[in-house]
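Architecture at a glance
Each chain, letter by letter, is given below.
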Amino acid sequence: MKSLWDDAEAARFGGPLGPRVYTSRLLGRDKSLVLHGGGNTSVKLRERNLFGEDEDVLYVKGSGWDLETIEPAGFTPVALGHVRRLAGLRSLPDPQMVNELNTHMLRAGAPSPSVETILHAILPHPYADHTHADAVLSVSNAPEGEKRIRDIYGERVVVIPYIMAGFDLAAHCAREFPKQATSSCIGMVLLSHGIFSFGAEARESYERMIDLVTLAEEYLRKKKAWHFSFSSAQPPGAKREEIASLRRAIADQAGFPLVLKVNDSEKFLGFARHPQIERLSQKGPATPDHVIRTKPLPMLGRDVAGYAKKYREYFERQAPHAKDKKTMLDAAPRMVLDPQLGFAAAGRTARDAAIVEDLYDHTIDVILRAEALGGWRAVSERDLFDIEYWDLEQAKLRKAGSPPLFTGEVVLVTGAASGIGKACVESFLARGAAVIALDVNPAIETLWSRVDVLGVTCDLTEPKAIESGLDQGVKRFGSIDMLVLNAGIFPSSQPIQEIAAQTWKGTMAVNVEANLMLMQRCHPLLKLALRGGRIVVIGSKNVPAPGPGAAAYSASKAALNQLARVAALEWATDGIRINSLHPNAVYDTALWTDEVLASRAKAYNLTVEQYRKNNLLKQEVSSRDVAELAAEMCGPLFAKTTAAQVPVDGGNERVV
């Protein structure tokens, strides 16, 4: 492990908290140290209050912040003296601890202090860094983990047995740290949890963390427990319908839609096919903190009902031992290991699923390295239950508001790189959906840099391209619940007698045949949607009111409209509803080039400006207007509507 410290970069972080922010970000950049909000950092400063008095302040990473992107506002200031005194109490229930921390914050509006605030407070060093380093967990989770840790570090670290984060851990450390710490001490290892480093300066504390983790890495290399390889003679064999069926089974068990992210890389597939997979995977997570996102164990295979039964038994075993009455969470798995799928991560959102995947990616490393040292082990089931059903975590769930409308659902949008299609992506994202965005324009792949959008270059007239796009989308998000058929072409204005056969065929291929192929291939996926499949067809005013010079376009849109009507008749028994929108005069789309606008205006003996406002309301209709209605038609307001044809045209006298 190498230090990432850079003097020029560090100089850009000014102010009292600048060095603390900078080194926190350095730690956050290394995923083998911390993942997705994990880890913690702090600094103790002496500041002058309004009365001119000096007081000691602990700045600790606040709840909800990620080390990789933390800002000064992400550190919560608390009264150091008061927090230190808390560690001397005989007991402090979690709700009371939270109250004490929150009532001794020194900045209104600061995030809630970390549950490890008291632990940071009792450490006798200005700077403290805390990570969940993979290498350290690999050693401490191996047989004789404590002895191995002491052999590696000697007097350089204090070693603490596993105790759940919070008051009990802080109080134990307050008693034990002075007994073990020597003048050589630069850190502390919390077995099966993580590692601390300390220092008088930010750089010193950070680089001590790098040095301590490097020693663990070198130990693993020396013991031939660092590198491992996977061999997978057979390729992955799961089809997209199988993935969608698994997602539906998990969602049924959870009681709400979930995104399912499949990873069949060599590492995940090889681990899923490990001859000892049941023994290795059914002991618990690399560190108990993961359980809040992952549940204690992955599901082996696809027996969701069997997994749920075991989860309920786990709850019934442990709940009677809890201090307070517990309400069981849903029994659906969040991780799946399967010899055909590889690994699948389930989450309420695409981000949640990606986090679960990242956590298990590192868990595999920890498991196999600890196994190479003689045998992987995790904390007890009781300890895992205490974290999963921690009062503080249950309180967060109770306070959480209703999720966005389409949370856990997936929509596929065609023609998504511009105009109405691009606006549809934004409208569905705003409602919480994950989006598969298809377009023939390669720019689609980089338009959105976020985990809940998959942009795929796809020529919808090519069956293989459709198959590939659907396979990629289902592997990323688990299935398709909603389909927006938006892609289309508008050939230049021509009278019927001048339409070339190639123009006619090309228009029909894109506007009709491509949509038919996509509907056919999406049908088995839409049937599995927890809330029923939904299709929105972006038609045209030209369906009810065609215009001169647009025969190919008008005929193709009319054919698509009839296709949608027949599909509404045939697919209603599958719980799939299909509705059409007929926009007109939407000029911020790729269809309406200056040339097309001019030719259409001329066909109506209007100027371009007159043509733009050629509706009853004299208002221009935007792509966003159409997109918002498309999204709403997939929501509960239209749950009992199918085969509808809704104009979005500002009012057209020929349609009215």
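The structure displayed is predicted, hence computed values, not measured ones. (Residues numbered from 1 in each chain as written. Predicted model: local features only at pLDDT ≥ 70, side-chain atom pairs only at ≥ 80, totals over all residues. Heavy atoms only, no water.)

1. Digging into the packing of helix H2 (residues 18-29) against helix H9 (residues 202-222)
Relative to each other, H2 and H9 sit at 15 degrees, their axes nearing to 9 Å. In terms of axis orientation, H2 runs roughly parallel to H9. Note that H2 runs across H9; the crossing there is right-handed. Note on element contacts: H9 touches H2 through Ala-202, Arg-203, Tyr-206 and Met-209, opposite Pro-19, Arg-20, Thr-23, Leu-26 and Leu-27. For the contact of H2 with H9, the class distribution of residues is six nonpolar, one polar and two charged. (Axes fitted to C-alpha atoms, helices over the stretch in contact; angles between N-to-C directions. Helix = DSSP H or I, 4+ residues; strand = E, 2+ residues; numbered from the N terminus. Parallel < 35°, antiparallel > 145°, perpendicular 65-115°, else oblique. Left-handed = near helix turned anticlockwise from the far one by under 90°. Contact = heavy atoms within 4.5 Å. Nonpolar A, V, L, I, M, F, W, Y, C, P; charged D, E, K, R; others polar.)

2. Quick word on the sheet that holds strand S16 (residues 534-538)
Taking strand neighbours across the sheet as the criterion, the seven strands line up as S14-S13-S12-S15-S16-S17-S18 in an open arrangement whose pairing is parallel. Whereas interior strands pair on both sides, the edge strands pair on one side only; in this sheet they are strand S14 (453-457) and strand S18 (645-648). Geometrically, the sheet is characterised by an average inter-axis angle of 15 degrees between neighbouring strands, direction not taken into account. In terms of strand pairing, strand S15 (residues 482-485) meets S16 through four bridges, oriented parallel. Bridge assignment links Met-482 to a residue of S16, and that residue is Arg-534. Relative to S14, helix H19 (residues 463-477) is tilted by about 165 degrees, and along the sheet it contacts strand S12 (410-414), strand S13 (434-439) and S14. (Pairing = 2+ DSSP bridges.)

3. Some remarks on helix H16 (residues 381-388)
Among the residues of H16, Leu-384, Phe-385, Ile-387 and Glu-388 are the ones counted as buried. Buried residues of H16, seen end-on, are gathered within an arc of 165 degrees and therefore sit on one face of the element. (Buried < 20%, exposed > 50% of the residue type's maximum accessible area, 1.4 Å probe, protein only. Arc of directions from axis to C-beta.)

4. As for the nonpolar core
Ranked by internal contacts, the top residues of the largest apolar core, which has 62 residues, are Ile-250, Leu-518, Ile-535 and Ile-578. Per-element tally for this core: the top contributor is helix H20 (residues 501-526), with seven residues. With sequence-adjacent residues up to four places away left out, Ile-250 is seen in contact with Leu-258, Leu-260, Val-304, Ala-332, Pro-333, Val-336 and Ala-346. (Core = buried A, V, L, I, M, F, W, Y, C linked by side-chain atoms within 4.5 Å.)

5. Some thoughts on the pattern of salt bridges
Going through the model one piece at a time under the given rule, you end up with 36 salt bridges. In this structure, Glu-204 engages Arg-208 in a salt bridge whose closest nitrogen and oxygen atoms are separated by 3.2 Å. In this pair, Glu-204 and Arg-208 both sit in helix H9, four residues apart, roughly one turn of the helix. You can call Glu-204 partly exposed: its relative accessible area is 32%. Overlapping salt bridges bring together Arg-240, Glu-467, Asp-471 and Arg-521 as one network. (Salt bridge = Lys/Arg side-chain N within 4 Å of Asp/Glu carboxyl O.)

6. Some thoughts on empty space enclosed by the protein
By the definition in use, this model includes four cavities of 30 Å³ or more. Estimated volume of the largest cavity: approximately 70 Å³. Lining the largest cavity we find Ala-244, Arg-247, Arg-248, Ala-251, Pro-257, Glu-409, Ser-479, Asp-481, Leu-528, Ala-529, Leu-530 and Arg-531. Here the residues of the lining of the largest cavity sort into six nonpolar, one polar and five charged. (1 Å grid on protein atoms, 1.4 Å probe; cavity = no way out; pocket = protein on both sides within 12 Å on 5 of 7 lines; lining within 4 Å. Points joined across faces, edges and corners; volume = space filled by probe spheres on them.)

7. Considerations on unusual backbone geometry
If you check the backbone angles, Lys-295 has positive phi at about 65 degrees while not being a glycine. Here Lys-295 is to be found in the loop between helix H13 (291-294) and strand S9 (299-300). The class of Lys-295 is buried, set by a relative accessible area of 4%. Phi at Lys-618 is positive, roughly 55 degrees, even though this residue is not glycine. Secondary-structure assignment places Lys-618 in the loop between helix H23 (608-612) and helix H24 (623-633).

8. Points about the packing of aromatic side chains
Overall, the coordinates contain 16 aromatic pairs when judged by the stated rule. With centroids separated by 5.1 Å and ring planes inclined at 35 degrees, the aromatic side chains of Phe-13 and Tyr-22 adopt a geometry described as tilted. Accessibility expressed as a relative area gives 1% for Tyr-22, which makes it buried. Ring geometry for Phe-315 against Tyr-389: centres 5.2 Å apart, planes inclined by 55 degrees, an arrangement best described as tilted. (Phe/Tyr/Trp six-rings, centres within 6.5 Å; stacked < 30°, edge-to-face > 60°.)

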